[in-house]
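Descriptive analysis of the structure
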Amino acid sequence: VHHAATLFVVIAAWRLGFVRVGALVVLLFDATDVPIDGIRLGQLMQAFPLLGASAAAAVVSWLVVRFYAFPRFVILPALTATDAYWATYAFVPPRHMLAGYALYLVPLAVLWLLNLRWLLQLTSKLRSAVRQAASPTLL
């Protein structure tokens, strides 16, 4: 679902003249995928220091990038800084403009909600891993 929503946002940004928004979405999301890859490598290699550092970096990067930068620099301007957009496409009937605008904003909101779900899932998995590592049966 998130790949479809991201692809839809990037295509809509390109078609509606918001190329910088689409590029920023890809940049932000790709930047936070690096620690997730570190978690996978740490699990495969059973390198617990790498796993711990990657998990901490993943949570911090998700909080900063996906829950601060994404809403602040992508969603908020898409909601508020649209004067040039409306002026550029003034020849298009308002009903069609609103439909196109909604088709652009809804996937952004879906991506944010999916990010929330994944962060909760990630922190739940991390809590389970910490509890399991701290279990006295492992000693």
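Computed from a predicted structure; not experimentally measured.

As a further point, take a nonpolar patch on the surface. A grouping of L7, I11, W14 and V19 is seen on the molecular surface, where their side chains present a nonpolar patch of about 440 Å² in accessible area. Looking at the nonpolar patch, the element that brings in the most residues is helix α1 (residues 2–16), giving 3 residues. Mapped onto the elements of the fold, V19 is located in helix α2 (residues 19–31).

Viewed as axis vectors pointing N to C, α1 and α2 meet at an angle of 155°, and their least axial separation amounts to 6 Å. Judged on the interaxial angle alone, α2 and α1 are roughly antiparallel. Relative to α2, α1 is oriented so that their crossing is left-handed. Only V19, G22, V25, V26 and F29 of α2 make contact with α1, whose side of the interface consists of T6, V9, V10, A13 and W14. Residue composition of the contact of α1 with α2, by class: 8 nonpolar, 2 polar and no charged.

A few words now on the nonpolar core. Judged by nonpolar contacts, the single largest core of 23 residues is most densely connected at V25, F70, Y104 and L108. Elements supplying a minimum of two residues to this core: α1, α2, α4 (48–80) and α6 (94–133). Apart from residues no more than four positions distant in its own chain, V25 is found in contact with T6, V9, F70, V74, L108 and L111.

As a further point, take the side chain of R66. With respect to the element layout, R66 can be found in helix α4. Owing to a relative accessible area of 3%, R66 belongs among the buried residues under this scheme. Here the side chain of R66 touches F29 through a polar contact of 3.2 Å, landing on its backbone oxygen. In this structure the side chain of R66 is engaged in a polar contact, spanning 3.3 Å, whose partner is the side chain of D33. Those residues within four positions of R66 in sequence are excluded, and the remaining contacts are F29, T32, D33, S61, P71, W112, N115 and W118.

What counts, and where the lines are drawn
Residues numbered from 1 in each chain as written. Predicted model: local features only at pLDDT ≥ 70, side-chain atom pairs only at ≥ 80, totals over all residues. Heavy atoms only, no water. Patch = residues over 30% accessible without salt bridge, like charges linked within 9 Å, V, L, I, M, F, W, Y side chains within 5 Å. Areas by Shrake-Rupley, 256 points an atom, 1.4 Å probe, with all protein chains shown as cover. Salt bridge = Lys/Arg side-chain N within 4 Å of Asp/Glu carboxyl O. Helix = DSSP H or I, 4+ residues; strand = E, 2+ residues; numbered from the N terminus. Axes fitted to C-alpha atoms, helices over the stretch in contact; angles between N-to-C directions. Parallel < 35°, antiparallel > 145°, perpendicular 65-115°, else oblique. Left-handed = near helix turned anticlockwise from the far one by under 90°. Contact = heavy atoms within 4.5 Å. Nonpolar A, V, L, I, M, F, W, Y, C, P; charged D, E, K, R; others polar. Core = buried A, V, L, I, M, F, W, Y, C linked by side-chain atoms within 4.5 Å. Buried < 20%, exposed > 50% of the residue type's maximum accessible area, 1.4 Å probe, protein only. Polar contact = N/O pair within 3.5 Å; in protein donor to acceptor, adjacent residues only side chain to side chain.

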